[in-house]
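# Secondary and tertiary structure notes
These are the residues of each chain, in order.
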Amino acid sequence: QVQLKESEGGLVQAGDSLRISCAASGRTFSDYAMGWFRQAPGKEREFVATISRGGTITYYADAVKGRFTISRDNAKNTVYLQMNSLKPEDTAVYYCAARPYSTGTGSDEYNYWGQGTQVTVSS
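Let us look at the structure shown here. (Residues numbered from 1 in each chain as written. Predicted model: local features only at pLDDT ≥ 70, side-chain atom pairs only at ≥ 80, totals over all residues. Heavy atoms only, no water.)

## Examining the nonpolar core
- Ranked by internal contacts, the top residues of the largest apolar core, which has 34 residues, are Leu4, Trp36, Leu81, Met83 and Tyr94.
- Listed by contribution, the elements that provide at least two residues to this core are β3 (18-25), β4 (32-39), β5 (46-51), β7 (68-73), β8 (78-83), β9 (92-100) and β11 (117-122).
- Looking at which element gives the most residues to this core, the answer is β9, with five residues.
- Discounting residues that sit within four places of it in the chain, Leu4 has contacts with Cys22, Ala23, Ala24, Met34, Cys96, Ala97, Ala98, Tyr112, Trp113, Gly114 and Gln115. (Core = buried A, V, L, I, M, F, W, Y, C linked by side-chain atoms within 4.5 Å. Buried < 20%, exposed > 50% of the residue type's maximum accessible area, 1.4 Å probe, protein only. Helix = DSSP H or I, 4+ residues; strand = E, 2+ residues; numbered from the N terminus. Contact = heavy atoms within 4.5 Å.)

Here's what the structure looks like:
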């Protein structure tokens, strides 16, 4: 098993920026593609972003493309999500997830999950 732990999210205003992180332990971090998902109140969990093992390939949901950036530091066993130009509709619990080898956009493709962290964007 690989253990994932998100950093604390926060409460921000629309237009603000926030970076959240996810620290991994238990297995070789570089063996896993990483993803971020989110679940807003009353909605299903949705894909946000994913990054390949080496950090060279990324994919984003249309809703966040151009505003969010996923990155990773394999030396620190950590993946990040930089969120810029936040909107109220970005309010959700954000989850990091790990998948062996390749990237993916479906939540069922990820084997390991963090506990989630709350991000709230006020208008």
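## So, the packing of aromatic side chains
- Considering all chains together, one arrives at five aromatic pairs under this definition.
- With a centroid separation of 5.9 Å and 80 degrees between ring planes, the pair formed by Tyr32 and Tyr112 is classed as edge-to-face. Taken as a pair, Tyr32 in strand β4 and Tyr112 in strand β10 (residues 112-113) lie far apart in primary sequence, 80 residues in all. For the residue pair Tyr32 and Tyr112, the accessibility class agrees, reading buried in each case.
- Ring plane angle 55 degrees and centroid distance 5.0 Å describe the contact between Phe37 and Trp113, whose orientation is recorded as tilted. Separated by 76 residues along the polypeptide, Phe37 in strand β4 and Trp113 in strand β10 bring together distant segments of the chain.
- Taking relative accessible area as the criterion, Phe37 reaches 1% and is therefore assigned buried.
- In textbook terms, an aromatic cluster arises when at least three aromatic residues are bridged by ring pairs, as seen for Phe37, Phe47, Tyr110 and Trp113.
- The ring of Tyr95 carries the charged tip of Arg45 above its face, separated from the ring centre by 3.9 Å. (Phe/Tyr/Trp six-rings, centres within 6.5 Å; stacked < 30°, edge-to-face > 60°. Lys NZ or Arg CZ within 6 Å of the ring centre and 35° of its normal.)

Distances and angles like these do not, on their own, reveal function.
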